[in-house]
Each structure stands twice: as structure tokens, then as C-alpha cells.
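Residue-level structural notes
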Amino acid sequence: MEINDVILKTVTRIVVFIILTFGIELFLSGHHEPGGGFIGGLVLSSAFVLLYLVHDIETVHNGIPFDFKKIAALGAFLAVGSGIVSVLFGTDFLGQGSRVFDLPIFGETEISSVIVFEAGVALTVVGVVVTIILSISEDV
Amino acid sequence: MLIVLLAIFFPFFMAFFVPFLYKRIQSKHIGWFVLLVPILLFILLASFVPAVAGGAHFTYTVHWIDSLGINFTTNLDGLSMIFGLLITGVGSLVILYSIYYLSEREALGRFYVYLLMFMGAMLGVVFSDNVMVLYVFWELTSISSFLLIAFWYHRKQSRYGAKKSMLITVTGGVAMLAGFLMLHALTGTFSLREMVGGIGSLDKTDPLFYMAMILILLGAFTKSAQFPFHIWLPDAMEAPTPVSAYLHSATMVKAGIYLVARFTPIFGGEAIWFYTVTCVGIFTLFWGSFNAVRQTDLKALLAYSTISQLGLIMSLLGIGSMAVSDSSGSNLLIFTAATFAGLFHLINHSTFKGALFMVVGIVDHELGTRDIRRLGGLMSFMPLTFTVALIGSFSMAGLPPFNGFLSKEMFFEAVVQLSQLDLVSNGALRVLIPVVAWIASVFTFIYSMIIVFKTFLGMPKSDRVDKEAHEPPIGMLIAPFVLSFLVVGIFIFPNLIGRFLLTPAMVAVFPMHRDLKGLVPHISAWHGVNPQLLMTVGVIVVGSLMYVSYKRWKRVYGIGPLRWNLDAVYNFFLLKTENGSNTLTTRYMTGYLRDYFVYIFSFFIAVAIGGLFWIGSLEIDLSKDAAVTVNEYIIIAVMMLAGLSILVAKSRKTAILLNGVLGYSIAILFVVLRAPDLALTQIVVETVTTVLFLLCFYFLPEWKREDTKRTTKLVNGFIAIAVGSIVTILALMVQGNKLFTSISFYFEDAYRLAGGKNIVNTILGDFRAFDTMLEVVVLLIAGIGVFSLIKLKAKKGEKDIGN
């Protein structure tokens, strides 16, 4: 559908980036602050949903040429796969570990292996939510 | 021994690559690639034969679900070695044969994926030490054989046969699983070796022990096509012939035999086990051979002959099982000899039956028919095929100089000696077993002769077949020739097999008998003039006479009870259950969402109220609850207002927006109650679902007042109020009733254990990561479900694909 709403389009252009940034911020801060893979993924997908609402599906697809079904599958694969990797390291299935690194800009940063698992969760959420909304809206 | 574990997964691993490879080359050569798998595995296994013959066994454990005692333990001992060699050895020959048998137009990629899957599953069955793992592989053989039997799925008969075999073997498999669980309850372990090791301390009078025994036997009998479960095997012949040769001569049907042999140290020595296995085996032997004679389709004939031969092996294992309890000298020798003969016949049967299946496949392939009435005189056109058929059939009939003779003699010896023991208390049974065995052997002789003589001798009936008879391509003959060489070779050097394969297998079956050296019989072709030789002579004489006069007595098959057909019973039950469930399903699956809500909520009400009564206490303790502030009262008031206005909303849009109000109010409530995580999630979920709602709303029909019946309204009202009240009561009760200790202390040191300050996230990602992982997978499945429901729905007017 073609909506010619200048105000909405202009606002969206800025807001989407705020939402995306917020989503990533939520995802990364999840370990110690409120946030995490699930909520991060939901915020990210709400940004995509907003884009699809304001512009039409074609336009958005040209800008973001992802197959969201594949993203969902990749997410589930990451979540399950990260569990199997820990078995190869001799710990239990889905066992996690973390280590503090001294990075140049961020200073002392703690990087935990759980982030891979969380990324899997986030990707699945994004993929599934967008897939569902797209399939329903395309089905005219 | 990690290598055995890798061997199990090697076929699966290769099966993964077959579709990609097939896409690229699109030709028969894919078969050569697949052929490497069983050949490599065969060589690998064969390299362990000397070590296993020396008394070694190899185990390897991968810890899997330690807390439940389910580990992936592989076990390579004498018994699994025999089966492993059969699976890979006959597997190699079958794949070689299939390369020439299947035409390039077939879906070869699919075929070899199924075949490799099946091979891996079979290896898993025989090498698993853990019964749970064994069960998984067991059902995997059922599934992969289902796919193989239904390979030509456009034929109705193929689908029917596949379904039948799967229904029967899976039912048996589930019974077997129940048996395994009972055994676990008794022994406290899932490991077969540990079960056998702790058998001395097992209470054998426990009723569970007998239940487990019967259930496990059910699994074995269905898989090995024992009476009355044999009815699936003839129908499974709809599969391509290489599959029949593989599944129904060498592997799948032998899984039941393997199971019985494997559990002999646990259940052997029990009278029930002895009687059930022996009698079922003997009767199956008779029934199969008796019915084989009247078949006109060569493959059906072979199917019934397989049933009967499996019965023979089963009965030998039954007789041999008494060796577990008996430790006195002479009797013990008889029993162990029976088991030895059973295992020996197992190998022999695979060789001659495999060759015969391939011969029938060649005849079918070259002449386009397997009907005996249309065949004849093929000997002069196909001398090589005829030779293989002759060797295979004569071996099956139990004639020298072929390996079937040796094991058949040992079978006669076992039944004759059994009848002389006091063990069988029932006098009639003592006579019956050898007599039935002998009669069955006469029929075996007759149908073996039918295969050779009706097909290959006599006048050629070229007017009844479409094609000119000639020898098949040489590649198709290699596999059957190898098998017939084995048939003769085993006859000449039987003790080689006895020493390297059968003796170590006996060690596995009878771990309680330390000194097996004296118990393993020496196989000899000439064993003097004794009852069993006289029985064989009788079989040949009577069998020949009956073969010649077949036309005169074939009316026997028309007599009442003999005509009685188990297939009809199966079909009747299948039809009844299908119709019954169809009627039932169409009655409650109305297609209206509101009806499904009624079911769901009624169920919820029933369970909740039932649960409340069961607990018997309805305590509501509000003293520990926090005080409710003004803010919360305001939010609650807004929520109630929004909720109530949905009921009277005039348009759908209003209703959806009001629902959104409800959702956002909950989010605000979470903020007030200082749960930022929940509030955040709630806001985003609410946003996304509102968008979804609005999208769906676009496609919904006009919103209008529905004229529902007064009773329906009342019922719906009652359900709504009941659900609301129950949820409220449950929520209030939660604080007052603590049935279990709180789990929250477990997460108190979340930072120390998981290194995360956000407790919600450490629970999701670390403590309960398994739940989260499965939730993610469920989410994915739901997404795929929605996608396929919407995108792949049948076009209007397109007919539903159903049965």
C-alpha cells in the first residue's frame, strides 16, 4: 500500500535509528542491566515493523535485502550450536564461560560466551516476528 | 573405542552429502560413492575380528544425559560383531547390486539417503549398550524402512505395505520401550552390560520382571515378523528388490533375533521365556513354510520363507536360553549347541536368502514378471542366474553340500535332543516340537524346489512374458555370486566361522559360563547315521513326493481355518480405527476458533478445580503481601475500565485499541512495581502484537453482532467468569501456599555463578538455558508454521491432498 505521509516518513527516518541503537544497546547491556537477547530482538524487530508500516514492502526489501526466515533459522542454529560447542570444550551442554579483556577503547570489558547464545535468541526473535508480520501483510 | 561410535554415525554423515552430490552429477555413479561406506565399515569391523575372537570387547562412552543414566555407550562384542558384519557386508553387496538394478530415472539420491540412514540405524541398534539409545535407533530402522518400502510411493500397494510394516513394528517398539523402562525400574540402570552384570541380585519373582519380558518379546516378535505379527513382511515386498534383499534377509528382520539373543542372559532360564520363544518360533516356522508353498509371486514366496526361517532361528534361541539356568554337564551342551546353531543359521540364512532375493530381482528385471505361472525354462537362457538360484534354494532346503544343510542338521539335533529331556514337562509338547519342525522342513523343501524348478526348468513360456529372457549385465551377478560362494565356502570351512564369529558371540550370550571352550560344538558335515540325518532323508523323500503331487493336495489351502486370514483382521481394525477417528475428529474440529477456546478453557477449569479439590486446601493468606498504593489503584481502575469497555465496544478497531490500553497499563504497573525488564518486554510485545492485530484486522469479515443462542451465551459467560475467578483465586493462593521450597535462593548468587548482575538474564542464558534454547526452537517452528499456513495454503478449488 502506498502511504504518502510526509511527517510520518520524516520522523520514521530518525526514529528507526534510535530504536535500532536502543535495541543493540539493550542486547549488549543485558548481562548486567535490564535487557538481553529476547527483548533486544523484539526492539529490533519493532524497528523493522515500523519501516514496513511506513514504506511499502518492496522499498524496505531493497534497502534490507535479508530473508528473515533464514535469519530465524540462523538464530536457532546459533542458540543450539553454542550449546554443542561447549560440549566440545569438555563442559556440560550449554555451559558458558566469561573472561575480562582489556580492549583499547572500551577499557576493561567482560566478554562472556553467553553472548553467542543471546545473539541466537535475538536473531530468532527478529526473524520470526518479521516473517510472521510480512506473511500476514503480504497475503491479500 | 571411539571408532565404533564413529562407525555408527559415518553412514548418517555420508547420507547428508548424498543429495548435494546427486544434484551435481545426476547419475548412477552416486551408487559407487555410497558403496564406499559399507565397504570401509566392513573392513574396519573385520579388522577387529581377531581381537574379539580372542575374548576382547570394546566399549566407549559419551556422556549424554548423566542425570538420567542415559549415555551413548557403544559395545563391540562377539554378538554385535556378527550383526555388524552382516549389515555392512550384505550392505555392500546390496548397494553394488542396486547400482545395476535401479534405472537412472529413479530418484536415486533419495534412495541412497534412506539406505544409508537405515544402515546407520541398524549399526546403532546392534552396537548400543544403552537401551534408550538402542530404542531410538530401533525406531529409526522402522522409519527408514518405511521410507524404503514406500520408495515407489505412487503405487498404492507400496504405501499400504509401508504403512503396515511401520504400524506393526512401531507398536512393538513402543511395547519394548515400556519393557526397557520396567527393567530400568528393577535394575536401576539403562546399560545392558550392567543389567547382565547385576543379574544375580535381581528379584526374578517380581511381576514387573515378567511384564518387561513379555513387552520386550513383543518388540522382538513384531520386528522379526513372528506369528501373528508376520503379516507385514509379505506386503513389505513392494519395496525395490535390493531393499527386500537387504531389509528382509540380512538386517531389519534380524533385529528381533538380535534382541532375543541380547536379552538371553537376563531372561534366559525362565520357563516363560523358553516356552514363548520356542513355541512362537516353531509355529512361525511351520506357518511361514506352509504358506510359502501356495504363493505364486516369487517375492511373496521368499517373504514367507523368510518368516519361516526367522521362526527357526527364534526357536533355536528359545531352546538355547535354558543354558542360562542349567549348569549341569550334558544338558548344558544341548542348550548351548542350540544357540550356536541359531547363530550359525542366522549367517547362513543371510547368505542364501540374499542371493535368492537378488536372483528373483534379476528375473523380475529381465522378464518383467515374478509370477511363477508365467515363468519356466529360464535355465537355458540364464545359466549363471540359474546356478545361483540352485545353490541358494538347495541351501535353504537343507541339502549338502551347502551351508543350510549344516545348520538344518543342528536344528534337527536340537529338537530331537530336547524331546528326550525331562525339562519339557508337557508330554504332548515334547513330541509336537520335533514333529512340527520336521513337517515345516518338508514344506521348506517343497518351496525351495518350486523356486528352482518352476522358474528355471520346464518349457519356456515366452508367450506369457513381454521380454526376451537373457542374462543380466554382469554387474548384477557379482553380488549374488559372492553370496553363493559364501554358501559353499561356509559348508567347506564351517569351523572357521565357528571359531572366529560364533564362539565370541556365544561368550556374549552366555557370560555366566566361564568355560565355553568345551561347550562350543564342532561343526561337521558327516555326523554318522543318526536321527537327524534320517529326518533329512525323510524330508527329501516326502518333500519330493509332495512336490510332484502338488496339484492333488493344494486344495488343502481352501479348508476353513487354513484360509483364515490375519490380513483381513488387520484391515478390519485399520478401517474401523480410521473411520472412528475420522468421525470423532470431524465432530469436534469445527473450524471455529471460539469452539477451540471453549475446549481449552473448559479443560483448564476442570484441571484447576480438580487440582484444588485434590490439594484440599484453599488458603488465602494476604498478610505477607505488600501494601497497595494509590498509584496501583489508579492503574488497576484504568485496566478494569478498559477491560469492561472491550465488551461493549462497537467496532473492532476500538476493541483492539482498548486491548492495547490494557497491555500498556500492565507495563506501567510493572514500572511501578520496579520490574523494568518485564515492563520493557511488555511494551515491545504489546506494540508488536497490536500491529499484528491491526494487520489481521484488515482481512477479517465485517464486525457484527452475532445472534448466538441463549444457552451458548450462558455457557460462554459461565466459562469466562469461571476462568477469571480461578485465575484470581490461584494468584491469591500463591502467597499462602508453598508446596515446594522456593527456588529463588538458587539464583541469589547469580553473580558469582554466572557472572551476570541481571538475574533475569542469567536465568535465561545460564541457569535455565536449556529451556530458553527450546523456546527459541519452538518460536522458530511457530514462525515456520505461520509462514507455511499462509503461503502454502491450497489454492481455491485445488483438491486437498489426503488419503
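Computed from a predicted model, the values in this text were never measured in an experiment. (Residues numbered from 1 in each chain as written. Chains lettered and ligands numbered in written order. Predicted model: local features only at pLDDT ≥ 70, side-chain atom pairs only at ≥ 80, totals over all residues. Heavy atoms only, no water.)

Some points on the overall build of chain A
Basically, it comes down to this: Helix and strand definitions here come from DSSP, where helices need a minimum of 4 consecutive H or I residues and strands a minimum of 2 consecutive E residues; each element is numbered from the N-terminal end. Exposure is judged per residue with a 1.4 Å probe applied to protein chains only, and the accessible area is read against the type maximum: over 50% gives exposed, under 20% gives buried, and values in between give partly exposed. Residue contacts are counted whenever heavy atoms from the two residues lie within 4.5 Å of one another. Here the accessible surface of atoms and residues is derived via Shrake-Rupley with a 1.4 Å probe, and residues count as covered only by protein chains that are part of the display. In this charge count, Lys and Arg are treated as positive and Asp and Glu as negative; neither His nor the chain ends contribute. A charge is said to be at NZ when it belongs to Lys, at CZ for Arg, at CG for Asp and at CD for Glu.
When you go through chain A residue by residue, the secondary structure sums to 5 helices and 2 strands. Element order for chain A, N to C, with α for helix and β for strand: α-α-α-α-β-β-α. Counting only C-alpha atoms, chain A reaches 55 × 35 × 25 Å along its principal axes. Here chain A, with 140 residues, has 42% of them falling under the buried criterion. By sequence separation, contacts in chain A at least 24 residues apart represent 58% of the contacts at least 6 residues apart. Accessible surface for chain A amounts to roughly 7700 Å². Of this, 69% is attributable to carbon and sulfur atoms. Placing the 5 positive and 14 negative side-chain charges of chain A at their respective mean positions leaves the two points 8 Å apart.

Concerning the confidence of the model for chain B
Residue and element names in this part refer to chain B. Under the convention used in this document: pLDDT measures how confident the predictor is about each residue, on a scale from 0 to 100.
When pLDDT is averaged across chain B, the result is 85; 94% of the residues are at 70 or more. When the elements of chain B are averaged for pLDDT, helix 23 (residues 560-563) gives the smallest value, 60, and helix 6 (residues 131-149) the largest, 92. Scoring of the predicted complex yields 0.79 for pTM and 0.90 for ipTM.

A closer look at the packing of aromatic side chains
Here the distance between the centres and the angle between the planes together describe a pair of aromatic rings. Residue and element names in this part refer to chain B. To be explicit about the condition: We call Phe, Tyr and Trp rings a pair once their centres come within 6.5 Å, taking the six-membered ring for Trp, and we label the pair stacked below 30 degrees between planes, edge-to-face above 60, and tilted otherwise.
According to the stated counting rule, one finds 42 aromatic pairs over all chains in the structure shown. Considering the side-chain rings of Y160 and Y570, the 6.3 Å spacing of their centres and the 75° angle between planes classify their relative orientation as edge-to-face. In this pair, Y160 sits in helix 7 (residues 156-187) while Y570 sits in helix 24 (residues 566-588), placing the two residues 410 residues apart along the sequence. For Y570, a relative accessible area of 12% corresponds to the buried category. Pairing F263 with F267 gives two aromatic rings, centres 5.9 Å apart and planes at 25°, and the pair type is stacked.

Quick word on the nonpolar core
Note the threshold: By nonpolar core is meant a set of buried Ala, Val, Leu, Ile, Met, Phe, Trp, Tyr and Cys residues that side-chain atoms within 4.5 Å join together.
The biggest cluster of nonpolar side chains holds 223 residues, and the ones touching the most others in it are Y112(B), F180(B), F263(B) and F267(B). No other element matches the 20 residues that helix 15 (residues 329-367) of chain B contributes to this core. In contact with F263(B), not counting residues within four places along its chain, are V131(B), F180(B), L183(B), L192(B), I216(B), G268(B) and W273(B). In this structure, L42(A), V43(A), F117(A) and M773(B) belong to the second largest nonpolar core, which totals 28 residues.

Topic: the interface of chain B and chain A
In plain terms, the rule: Values labelled buried area give the accessible surface lost by two parts on being combined, using a 1.4 Å probe and summing over both. By definition here, a salt bridge exists when the distance from a side-chain nitrogen of Lys or Arg to a carboxyl oxygen of Asp or Glu is within 4 Å. All amino acids are sorted into three groups, where Ala, Val, Leu, Ile, Met, Phe, Trp, Tyr, Cys and Pro are nonpolar, Asp, Glu, Lys and Arg are charged, and the leftover types, Gly among them, are polar.
If you look at the interface, chain B gives 36 residues, while chain A gives 44 residues. When chain B packs against chain A, the two sides together hide about 3400 Å² of surface, and 79% of this comes from carbon and sulfur. One can count 0 salt bridges joining chain B with chain A. Here the element with the most residues in the side of chain B that touches chain A is helix 32 (residues 769-791) of chain B; it accounts for 13 residues. In terms of residue class, the side of chain B that touches chain A is made up of 23 nonpolar, 8 polar and 5 charged.

Digging into unusual backbone geometry
Residue and element names in this part refer to chain B. The step from F227 to P228 runs through a cis peptide bond, and the omega angle for that step is 0°. Its location among the elements puts P228 in the loop between helix 9 (207-223) and helix 10 (232-235). With an omega of 0°, the peptide bond running from P400 to P401 counts as cis. Residue position: P401 is located in the loop between helix 16 (383-397) and helix 17 (403-419).

Comments concerning the pattern of salt bridges
Residues and elements named next belong to chain B. Counted under the stated rule, the structure contains 8 salt bridges over all chains. Here K164 ties to D235 by a salt bridge, and the two come within 2.5 Å at their closest N and O atoms. Here D235 lies in helix 10 and K164 lies in helix 7, a separation of 71 residues in the sequence. Neither K164 nor D235 differs from the other in exposure class; each is buried.

Overview of the pairing of strand 1 (residues 58-65) of chain B
Residues and elements named next belong to chain B. Heads up, the rule is: Each pair of strands is called paired provided DSSP finds at least two bridges between the two strands.
Two strands pair when backbone bridges link them, and strand 1 and strand 2 (residues 70-76) are joined in this way by 6 bridges, in the antiparallel orientation. In the sheet register, Y60 faces strand 2, and the bridge partner there is T74. Taken together, strand 1 and the strand that follows it, strand 2, pair antiparallel across an intervening segment of 4 residues, in which G69 is found at a positive phi of about 75°.

Regarding a nonpolar patch on the surface
Residues and elements named next belong to chain B. Inclusion rule: Patch rule: a residue counts if its relative accessible area is over 30% and it has no salt bridge; like charges are joined within 9 Å, and nonpolar side chains (Val, Leu, Ile, Met, Phe, Trp, Tyr) within 5 Å.
A cluster of nonpolar side chains, contributed by L584, Y588, M589, L593, F597, Y599, I600, F601, F604, V727 and L730, occupies part of the molecular surface with about 1000 Å² of accessible area. Every element with two or more residues in the nonpolar patch is listed here: helix 24, helix 25 (593-615) and helix 29 (710-736). If you tally residues by element for the nonpolar patch, the top one is helix 25, at 6 residues. Looking at where F604 falls in the secondary structure, it is placed in helix 25.

Focus on the packing of helix 26 (residues 630-648) of chain B against helix 27 (residues 652-672) of chain B
Any two packed helices are characterised by the angle at which their axes cross and by the distance between the axes. Residues and elements named next belong to chain B. For clarity, the threshold we go by: To obtain each axis, a line is fitted to C-alpha atoms, and for helices this fit is confined to the stretch in contact; angles are then taken between N-to-C directions over 0 to 180 degrees. Each angle gets one of four labels, with under 35 degrees taken as roughly parallel, over 145 as roughly antiparallel, 65 to 115 as roughly perpendicular, and the rest as oblique. Here is the rule for handedness: rotate from the far helix to the near one, and if that takes an anticlockwise turn smaller than a right angle the crossing is left-handed, while a clockwise turn gives right-handed.
Two numbers describe how helix 26 lies on helix 27: the axes approach to 9 Å, and their chain directions differ by 165°. With respect to helix 27, the axis of helix 26 lies roughly antiparallel. Between helix 26 and helix 27 lies a crossing of left-handed hand. Along its contact with helix 26, which presents N631, E632, I635, I636, V638, M639, A642, G643, S645 and I646, the element helix 27 presents A655, L658, N659, V661, L662, S665, I666, I668, L669 and V672. Of the residues contributing to the contact of helix 26 with helix 27, the split by class is 14 nonpolar, 5 polar and 1 charged.

Looking at the pairing of strand 2 of chain B
Of all 7 residues making up strand 2 of chain B, 7 are buried, and the element is well covered by its neighbours. Covered by surrounding structure in strand 2 of chain B are I70(B), F72(B), T74(B) and L76(B) together with N71(B), T73(B) and N75(B), the residues of both alternating faces.

A few points about helix 12 (residues 252-267) of chain B
Side chains three or four residues apart in an α-helix point the same way, a direct result of the helix having 3.6 residues per turn. Residue and element names in this part refer to chain B. Selection criterion: Between the first and last residue of a helix there are one fewer steps than residues, each counted as 1.5 Å, and that sum is the expected span.
With 16 residues, helix 12 extends 23 Å from end C-alpha to end C-alpha; this agrees with the ideal 22 Å at 1.5 Å per step. Among the 16 residues that make up helix 12, 16 are buried, leaving the element largely enclosed by the rest of the structure. Within two residues after helix 12, G269 carries a phi angle of roughly 90°, on the positive side.

Examining helix 25 of chain B
Residues and elements named next belong to chain B. Here helix 25 contains 23 residues, and its C-alpha end-to-end distance of 33 Å stays within 8% of the 33 Å for a straight helix at 1.5 Å per residue. Among the residues of helix 25, I605, A608 and L612 are the ones counted as buried. Within two residues after helix 25, G616 carries a phi angle of roughly 85°, on the positive side.

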